[in-house]
Structures are given as structure tokens and as C-alpha cells.
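Listed here are the chains, written in short residue letters.
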Amino acid sequence: MKTLDYILLTLVIIGAINWGLIGFLQFDLVRVLFGNMSMFSRIIYAAVGIGGLYAISYYGRIRSQA
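Residues numbered from 1 in each chain as written. Predicted model: local features only at pLDDT ≥ 70, side-chain atom pairs only at ≥ 80, totals over all residues. Heavy atoms only, no water.

1. Comments concerning unusual backbone geometry
Our working rule: Numbering of helices and strands runs from the N terminus; a helix is a DSSP stretch of H or I covering at least four residues, while a strand is a stretch of E covering at least two. Note on exposure labels: buried denotes an accessible area under 20% of the residue type's maximum, exposed denotes more than 50%, and partly exposed covers the range between, all computed with a 1.4 Å probe on protein chains only.
Of note, the phi angle at Gln26 is positive, near 55°, even though the residue is not glycine. Locating Gln26 in the fold gives a position in the loop between helix H1 (2–25) and helix H2 (29–34). Among the residues examined, Gln26 registers a relative accessible area of 74% and is labelled exposed.

This is the structure in C-alpha cells:
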């Protein structure tokens, strides 16, 4: 489970950095690297979204540790 946590947290961080680049510089790194809504870029966006949904479970883990 710990490996999955690290993988999905990394995806969430990548998504956050990409959104920061879009917001501050109007630069979409995923689009530049993988194409404008190509199949691979859609997979990246979907994986980041799944990572974000999974990260919601961190709240429950924090609460159980406190």
C-alpha cells in the first residue's frame, strides 16, 4: 500500500505543478510533452485525477493517527 501511496502522491504533485504552470504562465506541460489531448495525454490527465481522488483517503488516515 505504501508504494501505491507514493506513486499516486507523485501524480498529484505532477498535476499540481502542471496547474500552477497553466495558472501562472499559461503553459500546459502535459500538452507540450504528449500532444494536445492525444491518447497518452488523456491517460496522464486521468491518472492524475484518479490520484487526486485516492488522495482524499489521506484525510481518513490523518484522522486515525491523531
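More follows now that the structure is in view.
2. Section: the environment of Leu29
Let me state the cut-off plainly: The criterion used for residue contact is that any of the two residues' heavy atoms lie within 4.5 Å.
Secondary-structure assignment places Leu29 in helix H2. Looking at Leu29, the relative accessible area reads 33%, which means it is partly exposed. Through-space distance from the C-alpha of Leu29 to that of Ile14 is 9.7 Å; in sequence the pair is 15 residues apart. Residues within four places of Leu29 in sequence aside, it is in contact with Asn18 and Leu21.

3. Brief notes about the environment of Gly35
Secondary-structure assignment places Gly35 in the loop between H2 and helix H3 (39–55). Filtering out sequence-adjacent residues up to four positions away, Gly35 remains in contact with Val30 and Ser41.

4. Section: a nonpolar patch on the surface
What counts here: Like charges are joined within 9 Å and nonpolar side chains (Val, Leu, Ile, Met, Phe, Trp, Tyr) within 5 Å, but only among residues with over 30% relative accessible area and no salt bridge; these make up the patches. For every accessible area listed, the method is Shrake-Rupley and the probe measures 1.4 Å; residues are considered covered only by the protein chains on display. We count a salt bridge whenever a side-chain nitrogen from Lys or Arg sits within 4 Å of a carboxyl oxygen from Asp or Glu.
Taken together, the side chains of Phe24, Leu25, Phe27, Leu29, Val32, Leu33, Phe34, Met39, Phe40 and Ile43 make up a nonpolar region of the molecular surface, amounting to roughly 1100 Å² of accessible area. Breaking the nonpolar patch down by element, the ones donating at least two residues are H1, H2 and H3. By residue number, the principal contributor to the nonpolar patch is H2, which donates 4 residues. By the secondary structure assignment, Ile43 is in helix H3. On the basis of relative accessibility, which here comes to 47%, the residue Ile43 falls in the partly exposed class.

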